[in-house]
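Examining the three-dimensional arrangement
What follows is each chain in one-letter form.
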Amino acid sequence: MTGSGAVRRKLRCVSCELGFPKMAAPLSVEVEFGGGAELLFDGVKKHQVILPGQEEPWDIRNLLVWIKKNLLKERPELFIQGDSVRPGILVLINDADWELLGELDYQLQDQDSILFISTLHGG
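Residues numbered from 1 in each chain as written. Predicted model: local features only at pLDDT ≥ 70, side-chain atom pairs only at ≥ 80, totals over all residues. Heavy atoms only, no water.

An unreviewed UniProt entry annotates the protein as Ubiquitin-related modifier 1 originating from Orycteropus afer afer. The record held by UniProt for the protein lists under Subunit (unreviewed entry) the comment "Component of a complex at least composed of URM1, CTU2/NCS2 and CTU1/ATPBD3." Regarding the protein, the relevant UniProt record gives this comment under Pathway (unreviewed entry): "tRNA modification; 5-methoxycarbonylmethyl-2-thiouridine-tRNA biosynthesis." (UniProt positions renumbered as here; feature names shortened; annotations may be inferred.)

Now the structure itself:
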């Protein structure tokens, strides 16, 4: 291999040998809330989010922690239960049920769309 690609590969290997952690690149994802869940987020349904680079790849579990810390404005108990979403919150990743994609362990990809829909309604 010649050119800048060879240099980049060599630098990558040197940084691994020196024990520097490989950082996951920042991700741009769309996070959307519906079915009343948006009320917990100041009534804002769609959020275009840039998740910072970190040592471990971003997954839904990490995203929920980030959402609780950065977007959730009130009553976290209505959205989060333990390290997951509360029962009654439907989660779609790129329009597919998250149960088909590994739920909390799904590794986020750049430009993913994550939709949280509350199916809980007062009566």
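Moving on to the environment of methionine 23. If you trace the backbone, methionine 23 turns up in the loop between α1 (4–17) and β1 (27–34). Each C-alpha atom of the pair methionine 23 and proline 52 lies 10.0 Å from the other, and the pair is 29 residues apart in sequence. If we ignore the near neighbours within four places in the chain, the residues touching methionine 23 are Gly53, Gln54 and Glu55. (Helix = DSSP H or I, 4+ residues; strand = E, 2+ residues; numbered from the N terminus. Contact = heavy atoms within 4.5 Å.)

Bringing the environment of glutamate 32 into the picture now. With respect to the helices and strands, glutamate 32 occurs in strand β1. A C-alpha to C-alpha distance of 6.2 Å links glutamate 32 and phenylalanine 116, two positions 84 residues apart in sequence. Discounting chain neighbours no more than four positions away, the residues touching glutamate 32 are Lys45, Lys46, Ile114, Leu115 and Phe116.

Moving on, we come to the sheet that holds strand β6 (residues 96–97). Taken in spatial order, the five strands of this open sheet run β2-β1-β7-β5-β6, and their pairing is mixed. Whereas interior strands pair on both sides, the edge strands pair on one side only; in this sheet they are β2 (46–51) and β6. Note: β1 against strand β7 (residues 113–118), five bridges, orientation parallel. Directly across from glycine 34, in β7, lies its bridge partner isoleucine 117. Taken strand by strand, helix α2 (residues 60–70) contacts β1, β2, β5 (89–93) and β7, and its axis lies near 65° from that of β7. (Pairing = 2+ DSSP bridges. Axes fitted to C-alpha atoms, helices over the stretch in contact; angles between N-to-C directions.)

Moving on, we come to the packing of aromatic side chains. Per the stated rule, a full pass over the model turns up five aromatic pairs. Judged by centre distance (5.5 Å) and plane angle (15°), the ring pair of phenylalanine 33 and phenylalanine 116 falls under stacked. Remark: phenylalanine 116 occurs in strand β7 and phenylalanine 33 occurs in strand β1; sequence separation between them is 83 residues. Judged by relative accessible area, phenylalanine 33 falls into the buried class, the value being 0%. (Phe/Tyr/Trp six-rings, centres within 6.5 Å; stacked < 30°, edge-to-face > 60°. Buried < 20%, exposed > 50% of the residue type's maximum accessible area, 1.4 Å probe, protein only.)

With that settled, the discussion passes to the nonpolar core. One finds Phe33, Leu51, Ile60, Ile67, Phe79, Leu108 and Phe116 to be the most contacted residues of the largest nonpolar core, which totals 29 residues. Mapped onto this core, the elements with two or more residues apiece are β1, β2, α2, β5 and β7. In terms of residues, this core owes the most to one element, α2, which gives five residues. Those residues in contact with isoleucine 60, other than ones at most four positions away along the chain, are Ile93, Trp98, Glu103, Leu104, Tyr106, Leu108 and Ile114. (Core = buried A, V, L, I, M, F, W, Y, C linked by side-chain atoms within 4.5 Å.)

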